[in-house]
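Structural characterization, general
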Amino acid sequence: MIKDAIHSDIVVIGGGIMGASISYYCAKAGLDVTVLEKNELASGTSSRCDGNILAIDKDPGFDSQMSLESQKLVHELQHELDIPFEYRRLGSILVCENDHEMEAAQKWVDQQQDAGLDFNMLDRQDLRDESPYLADDLYGGLACNTDSTVNPYMLTYSLFNQAKKLGVNIYEHTEVLNIHKKEDEAFKLETSRGLFTAKKVVNACGVWAPVIGNMVGIDIPIYPRKGQLIVASREQPVGLRKVMEFGYLISKFGGERQVDAMTEKYGVALVFEPTQSQNFLIGSSREFTGYDTTVNHIVNQYIASRAIRFYPNMGDMQMIRSYAGLRPWTEDHLPVISHVDEVPGFYVAAGHEGDGISLAAITGKVVEEMISGKETTIPIDPLRYDRFKESVVQP
Ligand SMILES: Cc1cc2nc3c(=O)[nH]c(=O)nc-3n(C[C@H](O)[C@H](O)[C@H](O)COP(=O)(O)OP(=O)(O)OC[C@H]3O[C@@H](n4cnc5c(N)ncnc54)[C@H](O)[C@@H]3O)c2cc1C
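Residues numbered from 1 in each chain as written. Predicted model: local features only at pLDDT ≥ 70, side-chain atom pairs only at ≥ 80, totals over all residues.

**Structural notes on the overall build of the protein chain**
- Secondary structure assignment for the protein chain yields ten helices and 18 strands.
- Computed over the C-alpha atoms, the radius of gyration of the protein chain is 21 Å, within 12% of the 21 Å expected from 2.2 N^0.38 for a compact globule of 395 residues.
- If you line up the protein chain on its principal axes, its C-alpha atoms span 65 × 40 × 40 Å.
- Across the protein chain, every contact between residues at least 6 apart in sequence was considered, and the portion connecting residues at least 24 apart equals 75%. (Helix = DSSP H or I, 4+ residues; strand = E, 2+ residues; numbered from the N terminus. Rg over C-alpha atoms; globule rule 2.2 N^0.38 Å. Contact = placed C-beta atoms within 7 Å.)

This is the structure:
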């Protein structure tokens, strides 16, 4: 137990990739930061996910511009951080199963190109050149050439490592149990290891952000959306870059797809990610089943058969393990990166759903800019906490 209260200007609650990025960018700007994590660093969703830094699946407009800014920052981070995090910028592709998807893909590419992003269409031959393992009957697809991949927990550790070198204090196994704030006084954070005080508090607790919100009397409409992945071992070099089915976009945004009822029920769509060591992460599913992270082997069967539909020879590969994580979902698929006006000094940086690895860098930078009173790199209005006040949709 800590004897006397520990004070810092800023307390960041949450040791996931958001907490890592926020503490790194704040420390880089010379701010005094303490991080509180109830378990170990990267023990939440940030170690139960893929590692894609994608613009390919972002709504053209604000969403994709925000991702592009984050991609640029991650590119710089490879030179700023001492510990490498398996960064590779190879681009990523979406593959189409029919004419209807090809038409939708062409529209998607046109919109992204108009917004200045590096997208292009792919035909059947391009897919054959991409990988001889892709199914012959695929029509084509599209590519986003700025997309990259990282090892998500290595990036989290690497950011924390650098933050620590810049003076950030990190307390693991320190659960925030309650928060008190009287006007004009510092925040008082009761934790499982004693009292911490701070002028400003950042809630970076992913799917647990609403629990922290309740401690200061606010409702944060973020809900856990479970996703499962299979890890297969390298046997042949199936492909070098990330491949998704076009239907993944439809699944992500809740549209109707032409798949069997169980694939639809579990929200299964192909996501294929070769890791640096050339094992393969194969996913994924999307379900609202509360905070349960137990692997459901029936869901794995649907993930595997979806993978075999796109890569017929994958059926011969060995599975190493499987895991599930909880995406912090919001109704408009955008995160909350915001000051909370009714609790001065309290900030939320959570709700990144399936994009938290992609958006961590820009989130950290913007939170630092908000705290320091600087002009923000991207507009923050679409990310405001109070945008849900009028209508809150539950999943
Ligand atoms: C299957 C799957 C695949 C994904 N693939 C991708 C991808 O390819 N690209 C991408 O961009 N995103 C992806 N994501 C999404 C991404 O993983 C998340 O958006 C991101 O990890 C969220 O990070 P976070 O820091 O907000 O949350 P977390 O990593 O969950 O961190 C929150 C932390 O807060 C801590 N905490 C909670 N309560 C307290 C408390 N009271 N006191 C102290 N600490 C507390 C938790 O222990 C946890 O460590 C995927 C997610 C899943 C599930």
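**Quick notes on the packing of helix 1 (residues 17–28) against helix 10 (residues 356–372)**
- Relative orientation of the contacting elements helix 1 and helix 10 amounts to 40 degrees, with a least axis distance of 8 Å. As the angle between them shows, helix 1 and helix 10 are arranged oblique. Note that helix 1 runs across helix 10; the crossing there is right-handed. Mapping the contact onto sequence places Ile17, Met18, Ser21, Ile22, Tyr24, Tyr25 and Cys26 in helix 1 and Gly356, Ile357, Ala360, Ala361, Thr363, Gly364, Lys365, Val367, Glu368 and Ile371 in helix 10.
- Looking at the contact of helix 1 with helix 10, its residues break down into eleven nonpolar, four polar and two charged. (Axes fitted to C-alpha atoms, helices over the stretch in contact; angles between N-to-C directions. Parallel < 35°, antiparallel > 145°, perpendicular 65-115°, else oblique. Left-handed = near helix turned anticlockwise from the far one by under 90°. Nonpolar A, V, L, I, M, F, W, Y, C, P; charged D, E, K, R; others polar.)

**Brief notes about the nonpolar core**
- Grouped together as the largest cluster of nonpolar side chains are 118 residues, with contacts concentrated most on Ile13, Val202 and Ala349.
- Two domains each donate at least three residues to this core, and these are domain 1 (6–48 + 153–220 + 332–388) and domain 2 (92–145 + 223–329).
- Residues in contact with valine 202, not counting those within four places in the same chain, are Ile10, Val12, Ile13, Ile22, Tyr347, Ala349 and Val367. (Core = buried A, V, L, I, M, F, W, Y, C linked by C-beta atoms within 7 Å. Buried ≥ 20, exposed ≤ 12 C-beta atoms within 10 Å, placed from the backbone. Domains from an automatic or database assignment.)

**Re the sheet that holds strand 12 (residues 223–232)**
- Spatially, the eight strands line up as an open sheet ordered 5-6-4-13-14-15-12-16, and their pairing is mixed. Each having just a single partner strand, strand 5 (119–122) and strand 16 (319–329) make up the two edges of the open sheet. This sheet shows a mean twist of 20 degrees between the axes of neighbouring strands, independent of strand direction.
- In terms of strand pairing, strand 4 (residues 92–96) meets strand 6 (residues 140–144) through five bridges, oriented antiparallel. Paired with leucine 94 across the bridge in strand 6 is leucine 142.
- Running at roughly 160 degrees to strand 5, helix 3 (residues 99–114) makes contact with strand 4, strand 5 and strand 6 of the sheet.
- Strands in contact with helix 9 (residues 297–310) are strand 4, strand 12, strand 13 (242–245), strand 14 (271–274), strand 15 (280–283) and strand 16; relative to strand 12, the strand with the most contacts, it is inclined by about 60 degrees. (Pairing = 2+ DSSP bridges.)

**Considerations on the domain arrangement of the protein chain**
- Domain assignment breaks the protein chain into domain 1 (6–48 + 153–220 + 332–388) and domain 2 (92–145 + 223–329).
- Its C-alpha centre places domain 1 at a distance of 31 Å from the equivalent point of domain 2.
- Counting from both sides, the interface comprises eleven residues of domain 1 and, opposite them, 13 residues of domain 2.
- Among the residues making up the side of domain 1 that touches domain 2, the classes are represented as three nonpolar, six polar and two charged.

**Looking at the site of the ligand**
- What surrounds the ligand is a group of 41 residues, the closest being Gly16, Gly44, Gly206, Gly227 and Gly356.
- Listed by contribution, the elements that provide at least two residues to the shell around the ligand are helix 1, strand 12, strand 16 and helix 10.
- Taken together, the residues of the shell around the ligand sort by class into 14 nonpolar, 20 polar and seven charged.
- Split by domain, the residues of the shell around the ligand number at least three in each of domain 1 (6–48 + 153–220 + 332–388) and domain 2 (92–145 + 223–329). (Near = placed C-beta within 6 Å.)

**A short note on helix 2 (residues 62–80)**
- The end-to-end C-alpha separation of helix 2 is 27 Å, in line with the 27 Å expected for 19 residues at 1.5 Å each.
- All of the buried residues along helix 2 are Ser64, Met66, Ser67, Leu68, Ser70, Gln71, Leu73, Val74 and Leu77.
- In this structure, the buried side of helix 2 is in contact with strand 3 (52–53), helix 3, strand 7 (148–149) and helix 10. (Expected span 1.5 Å × (residues − 1).)

**Topic: unusual backbone geometry**
- Serine 284 follows glycine 283 through a cis peptide bond whose omega is -20 degrees.
- The topology assignment puts serine 284 in the loop between strand 15 and helix 9.
- Despite not being glycine, alanine 42 shows a phi value in the positive range, around 60 degrees.
- Under the C-beta neighbour-count criterion, alanine 42 is labelled buried, with 22 such atoms within 10 Å.
- Even without being glycine, glutamate 353 reaches a positive phi, approximately 40 degrees.
- Among the secondary structure elements, glutamate 353 is positioned in the loop between strand 18 (346–350) and helix 10.

**A short note on the environment of serine 148**
- Among the secondary structure elements, serine 148 is positioned in strand 7.
- A residue is classified by how many C-beta atoms lie within 10 Å of it, and serine 148, with 22 of them, is buried.
- Between the alpha carbons of serine 148 and arginine 89 there is a distance of 4.1 Å; along the sequence they are 59 residues apart.
- Those residues in contact with serine 148 that lie beyond four places of it in its chain are Ile53, Gln71, Val74, Tyr87, Arg88 and Arg89.

**Structural notes on the packing of helix 2 against helix 10**
- It is the contact of helix 2 with helix 10, at a shortest axis distance of 7 Å, that shows an interaxial angle of 85 degrees. In terms of orientation, helix 2 lies roughly perpendicular with respect to helix 10. Across the interface between the two elements, Met66, Ser67, Glu69, Ser70, Leu73, Val74 and Leu77 from helix 2 touch Ser358, Leu359, Ala361, Ile362 and Lys365 from helix 10.
- Residues that form the contact of helix 2 with helix 10 fall into these classes: seven nonpolar, three polar and two charged.

**Brief notes about helix 3**
- For helix 3, with 16 residues, the first-to-last C-alpha span of 23 Å sits near the 22 Å given by 1.5 Å per residue.
- Lining the buried residues of helix 3 we find helix 2, strand 4, strand 5 and strand 6.
- Where helix 3 ends, the next residue or the one after it, glycine 116, has phi of about 90 degrees, a positive value.

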